[in-house]
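Here is what each chain is made of, one letter per residue.
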Amino acid sequence: MRFEGRTAIVTGAGGGIGEAYARGLHAEGARVVVADIDGDGARRVADSLGEGALAVTVDVGDPASTDEMVAATVEAFGGVDHLVNNAAVFGDMELAGLTDVDLAYLDRVLKVNLLGVLHCVRSVAGPMAAGGGGSIVNQSSTAAWMGISGFYGLTKAGVNFLTAALAHELGPRGIRVNAIAPGPTLTPAFDRQVPEAFREPLRQSLALKRFGHPDDHVGPVLFLLSDEAAWMTGHVVAVDGGQITRL
Ligand SMILES: NC(=O)c1ccc[n+]([C@@H]2O[C@H](COP(=O)([O-])OP(=O)(O)OC[C@H]3O[C@@H](n4cnc5c(N)ncnc54)[C@H](O)[C@@H]3O)[C@@H](O)[C@H]2O)c1
């Protein structure tokens, strides 16, 4: 029960990996804000968790909306200790290259996947610091390191930069910032996004020869959020079955 008495916000927690994060935190005693642009998904997850869970509908691409999310959290639970920036445009993402993606669409993806992380951190930093500090985990992707995933990879490379920069900016206020970079993980969004023909070669490219499951990410995220990682900040940790090896 590493999170007894703590409050955590998980964005994009209305399904997929974010739902697993919300469940993992709640199981270890945290009060959890299940935040998602998909309000029905957020309510489904929060209702199934029961006491100590609150559903909030948020658009992380809109700073006024992330301020409201944090205000609702403080009103319900008295403060906020942890934030997981998991929300992103991923599952129904348009397939286009950097040179031909519709610019209005690119703008929206940058607003959600990249600036959304910053909006949530800016909204949460004041209350988190006022409560004595806390910890944040951003959701990156191995795509950030692969150079082949176009604008999606661009947003996740930006998340890696934000992780390092925010760790330095918020460290003096007692707030740690790290990131997880998942490899290919079996979620409904992955099913919609990754064509059948790509799957077997992709699976074979992993050292462990199996795709990830949302629960594979829960232990690493809880570790990074917890006091066990009290002297870790600014890192991006690959949780990817050995897809990426960096020496
Ligand atoms: N599944 C994978 O293979 C994989 C691999 C690497 C990284 N990731 C990352 O992990 C995270 C979760 O992925 P997933 O597979 O569970 O996909 P997912 O699409 O189910 O999760 C994204 C969640 O974010 C929510 N969301 C989208 N836009 C939002 C917005 N503007 N405001 C608030 N919420 C919003 C969606 O409703 C959804 O619940 C994403 O950041 C994704 O980029 C996934």
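Please read these numbers as outputs of a predicted model, since none were measured by experiment.

1. A word on the site of the ligand
And then number 1: Surveying the vicinity of the ligand reveals 30 residues, the closest of which are Gly-12, Gly-16, Ala-88, Gly-91 and Ala-189.
And then number 2: Those elements that provide at least two residues to the shell around the ligand are α1 (16-27) and α7 (188-193).
And then number 3: When residues of the shell around the ligand are assigned to their parent elements, the largest contribution, 3 residues, is made by α1.
And then number 4: Tallied by class, the residues present in the shell around the ligand amount to 13 nonpolar, 14 polar and 3 charged.

2. Quick notes on the nonpolar core
And then number 1: Grouped together as the largest cluster of nonpolar side chains are 66 residues, with contacts concentrated most on Val-10, Tyr-21, Val-32, Val-34 and Ala-35.
And then number 2: With 9 residues, the single largest contributor to this core is helix α4 (residues 103-130).
And then number 3: Look past the residues within four positions of Val-34 in its chain and what remains in contact with it is Val-10, Ala-13, Gly-14, Ala-22, Ala-42, Val-45, Ala-46, Ala-53, Leu-54 and Ala-55.

3. Points about the sheet that holds strand β3 (residues 53-57)
And then number 1: If you walk across this open sheet you meet the 7 strands as β3-β2-β1-β4-β5-β6-β7, and the pairing is parallel. Strands with a single pairing partner mark the edges of an open sheet, and in this sheet they are β3 and β7 (236-239). If you compare each strand with its neighbour and ignore which way they point, the axes differ by 20° on average.
And then number 2: In terms of strand pairing, strand β5 (residues 134-139) meets strand β6 (residues 175-182) through 6 bridges, oriented parallel. Note that in β6 the partner of Gln-139 across the bridge is Ile-180.
And then number 3: With respect to the sheet, helix α2 (residues 39-49) is in contact with β2 (31-36) and β3, its orientation differing from that of β3 by roughly 175°.
And then number 4: Each of β1 (7-11), β2 and β3 is contacted by helix α3 (residues 63-77), which is oriented at about 150° to β1, the strand it contacts most.

4. Thoughts on the packing of α4 against helix α6 (residues 150-170)
When two helices pack together, their arrangement is given by the angle between the helix axes and the distance between those axes.
And then number 1: Packing of α4 against α6 leaves a shortest axis separation of 9 Å and a crossing angle of 15°. As summarised for this structure, α4 and α6 are arranged roughly parallel, according to the angle between their axes. Seen from above, α4 lies across α6 with right-handed handedness. Facing Leu-106, Val-109, Leu-110, Asn-113, Leu-114, Val-117, Leu-118, Val-121 and Ala-125 of α4, the residues of α6 in contact are Phe-151, Thr-155, Gly-158, Val-159, Leu-162, Leu-166 and Leu-170.
And then number 2: Its residues assigned to classes, the contact of α4 with α6 shows 13 nonpolar, 3 polar and no charged.

Rules of the game
Residues numbered from 1 in each chain as written. Predicted model: local features only at pLDDT ≥ 70, side-chain atom pairs only at ≥ 80, totals over all residues. Near = placed C-beta within 6 Å. Helix = DSSP H or I, 4+ residues; strand = E, 2+ residues; numbered from the N terminus. Nonpolar A, V, L, I, M, F, W, Y, C, P; charged D, E, K, R; others polar. Core = buried A, V, L, I, M, F, W, Y, C linked by C-beta atoms within 7 Å. Buried ≥ 20, exposed ≤ 12 C-beta atoms within 10 Å, placed from the backbone. Contact = placed C-beta atoms within 7 Å. Pairing = 2+ DSSP bridges. Axes fitted to C-alpha atoms, helices over the stretch in contact; angles between N-to-C directions. Parallel < 35°, antiparallel > 145°, perpendicular 65-115°, else oblique. Left-handed = near helix turned anticlockwise from the far one by under 90°.

Worth remembering: the numbers are spatial, not functional.
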